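As a plain string of letters, each chain reads:
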Amino acid sequence: MMEFNVIITGIGGQGVLTLTNIITWSALKEGFDVKASELHGLAQRGGAIACHVRFGDEIYSPLVLEGKADLVFALEPLEALRSCYFGSKNKTIFLVNTHRLIPLSIFINKEGYPSLSYIADALKSFSNKVILIDASEMAKKVTGDTIMANIYMLGYACAKNLIPLKRESILYGIEEAVSQKYLGLNRKAFDLGFEAI
Amino acid sequence: MNHILFGECGNKVILLGNEAIVRGALEAGVGFSSTYPGTPASEIGDTFAEIAKDAGLYFEYSVNEKVALEAAAGAALSGVRSMVSFKQYGLNVSSDSVFPLAYIGVRAGMVIVVADDPNCWSSAQSEQDSRYYARLAHIPMLEPADSQECKDFTKIAFDLSEKFKIPVLLRTTTRVSHGRGVVTLGKIVKGKKLGEFSKDSIRLRNFPPYIMETHRELHKKLDELRKLSEEININYLLNENSKNDLGIVTTGVAFNYVIDALHDLNLDLPVLKLGLTYPLPEDRLRSFMRNLKSVLIVEEIEPILEEGVNALAKDLKTELRVYGRKEGHLPKSGELKEGDVLIAISKITGVKSQYNPIAQKEEYKKLSIIKRLPVMCPGCPHRATFFATKSVVGKDAVFGGDIGCYILGIYPPFETQDFVFSMGASEGVIHGIKKVSNQKAIAFIGDSTFFHAGIPGLINTVYNKSNPLIIILDNRSTAMTGHQPHPGVGITGMGEKSKVINIEDIVKACGVENVMVVDPFNVKEMEDAVRECLKKDTVSVIVAKRECQLLAIRRKKKEGIIIPKFSIDQSLCDNCGICLYQFGCPAIFMDNDKFYIDKELCTGCAVCVRICPKKAIKAVK
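Being a predicted model, the structure only gives us computed values, none of them experimental.

### A few points about the overall build of chain A
Then, number 1: Counting secondary structure elements, chain A contains 8 helices and 6 strands.
Then, number 2: Ordered by position in the sequence, the α and β elements of chain A form the string β-α-β-β-β-α-β-α-α-β-α-α-α-α.
Then, number 3: In terms of its C-alpha atoms, chain A occupies a principal-axis envelope of roughly 50 × 40 × 35 Å.
Then, number 4: Per-residue burial over chain A gives 60% buried out of 197 residues.
Then, number 5: In chain A, once contacts between residues fewer than 6 apart in sequence are set aside, the share between residues at least 24 apart is 67%.

And the structure:
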């Protein structure tokens, strides 16, 4: 039985929910059964959030079991680290946006933000492939805004076959999940990620 | 939104559980809907607000859940199908009217949706299991497991309600309310929007001696419903021919964890899946257990089914073991996960699982991962209010907390929520503290919360003579749950203009003499107001009035108003750190011992400009 498990993690306001919604519609377009779990309310407000999407022949639980993720989209490196237990060495790919968003508490509690190499090394114990890209910077170049990093990463994942969804299905998903006003910008960010080397 | 209102019968679409509930209500011909916003139920009301006009139904954001329930009852008593929705604590607020409503009954179908929040992902108050209310108030309850069931069960709930003339509870949990899934749509039915209250078609007079009669009738209804529960197809058996002597009884989202766990363990245990969980199908449960040695109950949150099954099991045969959350095979608190179910089944059956969550977590625990707590947004007026208050009183006051975005003041640098109870409780508790201590005491309460439950507390403070300072954080919105309007805003759930009810007028009418309205962005003025109010012998109220910055930015962008950005002049900054360590704006950060403003995050509130002792923060040209 085919099943594909995705974790999308980041910070409230980074477009975690939009990415979740796009993937669910893309999977439906391909005829898969699909379930997802989002977090709203207190879980957002600049806090850490992780959403789950599962698609395949027949899907019951909306939550990905620890160690069973096929792909982790991390829109922020510290959040990749926080969600790393969803990964396992034998199957999981981590696609990580290296653009750091430093939590306020770091300054107030005088803590240190972990280095990218610490994060990458830690992820390697939960993954067979860790891909680091500065999606925020890339998205900003074309769209003028780092907010499109999520869609850039989706384009990247699609082109590199990190997710078993066709380009047309994802473009359909974007159409379903994104408001008309931002459709052009989203397609642009997706294409940019898709064409990245 | 398009699919909820216009999706054609037979189409497959992706819906959030909460959206699917609205679609179900439309397919059942709902004519009236009310709510008070509360996550994880918020999107039900918000979806109704978006479609109400086009769908030709009535929707309102009521002033609180009790009023919302009563309004929905009024509609149902007048022959119009109605739905009321709220989070778990909303059911508590409305409960005073839920109990008599069960006795009285309804004419048209009425569905009460209650959303529980295991793990408190989206609501701060408790892991309450609202299923106890079904038993307490004698109201039938349905528990959907996913979006498809959210839609289907809503329709069933309306039909049951109308058939048995009793309100029906539809209970979800966060992973259902905020779960997305594929939904096959049914046909939308144009419901009645106009009805007529009939004086004698139902037993309305909840007063002795009639009440004995209505109570007797209620039990008759429940007996009928129990019979129906034995036969209804949303209570069904899986793996009927299994030879295993361990069976599983489950409901709601937990059903999904059971199916996945059985798949992962390659087991075919018999599973009784319950959709209608009150009244319990007792005969069905008995016959399910007859040939079993043990039964595992998998449910969110408290061991309610477990206790019910346990009682039946004892009647049946004493040696039958019942496992569940009470017995400790599943965690006693917190959200259930598939992993918990896997471990429990594996432990009971002895079938080893390839999945080893403990080893997985061990590796994880070795990592040092700093927390990322939710924060007030850049430019949030509450931050300015907290900063000004703390700069006057420091830690030398008791801070009463309440329910809203300002609950985030619980974290450093502010720590302005010494206790948090429930909607409006900041005032009641602070009054009690003031009555027995000489401490300075300040209650913080939001605008929507004030309308919801703050008015009686304020009157009590005046009438029973205590002198706390009450700061009403009026950000012109019910912000935490998604910016719903309230009576102080003057917009209704139908998007129509209405009378603006001024908070300061209410405060004055309650008999408060010291009332000030201050813009919290004027920090100096706010500090002076706090200082002055704390000297008073009677209760004082400061209305800290400033639109939620998220709404302000949205509005300004629409109006073409340029939002200024600020930066720190390094030649003037002496690194005192007030802007970061005491003001705690997420747009301000430190790098190599220098302070900077992140232009992408700055919303141009300019409060940092006012609090900088060196006048080092300036608008970027």
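Let us keep going from here.
### Some details on unusual backbone geometry
All names here are of chain B.
Then, number 1: At the junction of threonine 39 and proline 40, the peptide bond is cis and its omega measures out at 15° in the coordinates.
Then, number 2: Mapped onto the elements, proline 40 comes out in the loop between β2 (32-35) and α3 (42-55).
Then, number 3: Across the junction of glutamate 300 and isoleucine 301, the peptide omega takes the value 5°, indicating a cis bond.
Then, number 4: Of note, the phi angle at lysine 165 is positive, near 55°, even though the residue is not glycine.

### A look at the domain arrangement of chain B
Reports often express the size of an interface as the amount of accessible area lost when the parts come together.
Residue and element names in this part refer to chain B.
Then, number 1: By domain assignment, chain B separates into domain 1 (2-231), domain 2 (236-365), domain 3 (381-556) and domain 4 (562-619).
Then, number 2: Relative placement of domain 1 and domain 3: their C-alpha centres are 32 Å apart.
Then, number 3: Contacts between the two partners involve 19 residues from domain 1 and, on the opposite side, 19 residues from domain 3.
Then, number 4: Mapped by element, the contributors of at least two residues to the side of domain 1 that touches domain 3 are α3, β3 (58-61) and α5 (88-104).
Then, number 5: Sort the elements by how many residues they give to the side of domain 1 that touches domain 3 and α3 lands first, with 6 residues.
Then, number 6: Its residues placed into classes, the side of domain 1 that touches domain 3 shows 10 nonpolar, 6 polar and 3 charged.

### Quick word on the interface of chain A and chain B
Then, number 1: At the interface, 43 residues of chain A touch 49 residues of chain B.
Then, number 2: Those elements that provide at least two residues to the side of chain A that touches chain B are α1 (16-29), β2 (33-37), α2 (77-82) and α3 (104-108) of chain A.
Then, number 3: Looking at the side of chain A that touches chain B, its residues break down into 24 nonpolar, 12 polar and 7 charged.
Then, number 4: By the bridge criterion, 3 bridges tie β2(A) to strand β8 (residues 179-184) of chain B in an arrangement that is antiparallel. Looking at the pairing, A:Ser37 lines up with B:Gly179 of β8(B).

### Some points on the sheet that holds strand β18 (residues 514-518) of chain B
All names here are of chain B.
Then, number 1: Taken in spatial order, the 5 strands of this open sheet run β15-β16-β17-β19-β18, and their pairing is parallel. At either end of the open sheet lies a strand with only one pairing partner, and these are β15 (398-400) and β18. On average, each strand axis in the sheet is inclined to that of its neighbour by 20°, with strand direction left out of account.
Then, number 2: Relative to strand β17 (residues 469-474), helix α15 (residues 381-393) is tilted by about 160°, and along the sheet it contacts β16 (441-446), β17 and β19 (540-545).

### Overview of the packing of α5(B) against helix α9 (residues 210-231) of chain B
Residue and element names in this part refer to chain B.
Then, number 1: Contact pair α5 / α9: the axes reach a minimum separation of 8 Å and the direction vectors enclose 80°. Between α5 and α9, the angle is such that the two are roughly perpendicular. Here Ala102, Tyr103 and Ile104 of α5 lie close against α9, whose contacting residues are Ile211, Thr214, His215 and Leu218.

The rules behind the values
- Residues numbered from 1 in each chain as written.
- Chains lettered and ligands numbered in written order.
- Predicted model: local features only at pLDDT ≥ 70, side-chain atom pairs only at ≥ 80, totals over all residues.
- Helix = DSSP H or I, 4+ residues; strand = E, 2+ residues; numbered from the N terminus.
- Buried ≥ 20, exposed ≤ 12 C-beta atoms within 10 Å, placed from the backbone.
- Contact = placed C-beta atoms within 7 Å.
- Domains from an automatic or database assignment.
- Nonpolar A, V, L, I, M, F, W, Y, C, P; charged D, E, K, R; others polar.
- Pairing = 2+ DSSP bridges.
- Axes fitted to C-alpha atoms, helices over the stretch in contact; angles between N-to-C directions.
- Parallel < 35°, antiparallel > 145°, perpendicular 65-115°, else oblique.

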